[in-house]
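# Fold and geometry: a report
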Amino acid sequence: MLELRHMHKQYTKTGQAVLRDIDLTIRQGEFVAVLGSSGAGKSTLIRCINQLVLPSSGEVLWEGKHVQAKSRADMRRHRQQIGMIFQGFHLLERADVLTNVLVGRFGDMSVLRAIAGRFQREEINAAEQVLQRVGMLEFRHARVRDLSGGQKQRVAIARALVQRPKLILGDEPVSNLDPVTAEGIMKLLQELCREQGITMLLNLHSVELAKAFASRIIGLAHGRIVFDGGPAELDAAVLQSIYSAR
Ligand SMILES: Nc1ncnc2c1ncn2[C@@H]1O[C@H](COP(=O)(O)OP(=O)(O)OP(=O)(O)O)[C@@H](O)[C@H]1O
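Named according to an unreviewed UniProt entry, the protein is Phosphonate ABC transporter ATP-binding protein originating from Ectobacillus ponti.

The following block contains the structure:
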């Protein structure tokens, strides 16, 4: 579903390469964890996939087609199929849970519609359905700022789900959470991957969580893929190569 070919990223002309010659094929339904030290290029990799950051060279193919920005409409269509979740949740803290999910479905325009209270019953039904799935339906009228971290991440997942994504990208989605809550969120993402065939590509800090939940692990070091394999292959030598100093 997703192919990266010889992808290279350098933020400035004179600066160091952050991603080097990345070749990666992700198949529909995979649960992929990306491991790497701070600064290895994990966030940049995710941002290049949804084109929040443009690769300096190389290609990104989505279902066999190039996604390099041709038009705003193309870009919207591409991003529509990709849900994003973040370490810091990126929710509208002062809005209620339902509004946050509706905004996920209908894009920026819907903030105005949400304020005006102009949503169709079917839109609200769709939002409530995903809130039910993530266990947050009873909080639909709560303000996001009053929720715990784990609850916020569930709302963020609902916001991603309501757009019916084929892929969910996560930038350290459990790094802010205590271990038990983090495991609950990983379990939810694993269930969604299995039930709905949504591909997961998550940057993780925790090797344990990657091993416990991912079907495939990618190790990034200094902008290069140094490991690509199953959790059972992630032994001490491999970890050393992923986390070793330059
Ligand atoms: N917008 C930017 N402009 C310039 N340099 C950047 C930008 N974003 C990231 N970088 C640099 O690119 C390198 C890789 O950053 P990136 O955030 O992709 O790494 P990471 O593996 O996600 O790290 P962390 O785990 O700390 O989030 C770092 O050296 C960072 O300083």
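Here the narrative resumes, following the displayed structure.
As for its position among the elements, Ile-198 is in the loop between α7 (179–196) and β8 (199–203). Residue Ile-198 is classed as buried on the basis of its C-beta count, with 20 C-beta atoms lying within 10 Å. Sequence separation of Ile-198 and Phe-86 is 112 residues, and the distance between their C-alpha atoms is 17 Å.

Further remarks concern the domain arrangement of the protein. If you check the domain split of the protein, you get domain 1 (2–81 + 165–243) and domain 2 (98–164). Taking only C-alpha atoms, the centre of domain 1 and the centre of domain 2 are 25 Å apart. Taken residue by residue, the interface counts 10 residues in domain 1 and 8 residues in domain 2. No other element matches the 4 residues that α7 contributes to the side of domain 1 that touches domain 2. Residue composition of the side of domain 1 that touches domain 2, grouped by class: 6 nonpolar, 4 polar and no charged.

Spatially, 4 strands are ordered β2-β1-β4-β5 in an open sheet, and the strand pairing comes out antiparallel. Looking at which strands have only one partner, the edges of the open sheet turn out to be β2 (17–26) and β5 (65–66). The strands touched by helix α1 (residues 42–49) are β1 (2–10), β2 and β4 (57–62); relative to β2, the strand with the most contacts, the crossing angle is about 60 degrees.

Okay, the sheet that holds strand β6 (residues 82–86) next. An order of β6-β7-β8-β3-β9-β10 is seen for the 6 strands of this open sheet, with the pairing classed as mixed. Both outer strands of the open sheet, β6 and β10 (224–229), are each paired with one neighbouring strand and no more. Strand-to-strand twist of the sheet, defined as the mean angle between neighbouring strand axes without regard to direction, takes the value 15 degrees.

Calculation rules
- In every chain, residue numbers begin from 1 and rise along the written sequence.
- Only residues with pLDDT of at least 70 are given local features in this predicted model, and only at 80 or more are side-chain atom pairs given and counted; all residues enter the totals for whole chains, interfaces and linings.
- By the criteria applied, helices consist of DSSP H or I runs no shorter than four residues and strands consist of E runs no shorter than two, each listed in order from the N terminus.
- To assign burial, the other C-beta atoms lying within 10 Å of each residue's own C-beta are counted, with C-beta atoms placed from the backbone; 20 or more indicates buried, 12 or fewer indicates exposed, and intermediate counts indicate partly exposed.
- Domain ranges listed in this record stem from an automatic or a database domain assignment.
- Residue pairs qualify as contacts under a 7 Å threshold applied to their C-beta atoms, which are placed from the backbone.
- The residue classification treats Ala, Val, Leu, Ile, Met, Phe, Trp, Tyr, Cys and Pro as nonpolar and Asp, Glu, Lys and Arg as charged. All others, Gly included, are polar.
- Here the rule is simple: two strands pair whenever DSSP picks up at least two bridges between them.
- Where helices are involved, their axes are fitted lines through C-alpha atoms of the stretch in contact, as for all axes, and angles between N-to-C directions lie from 0 to 180°.

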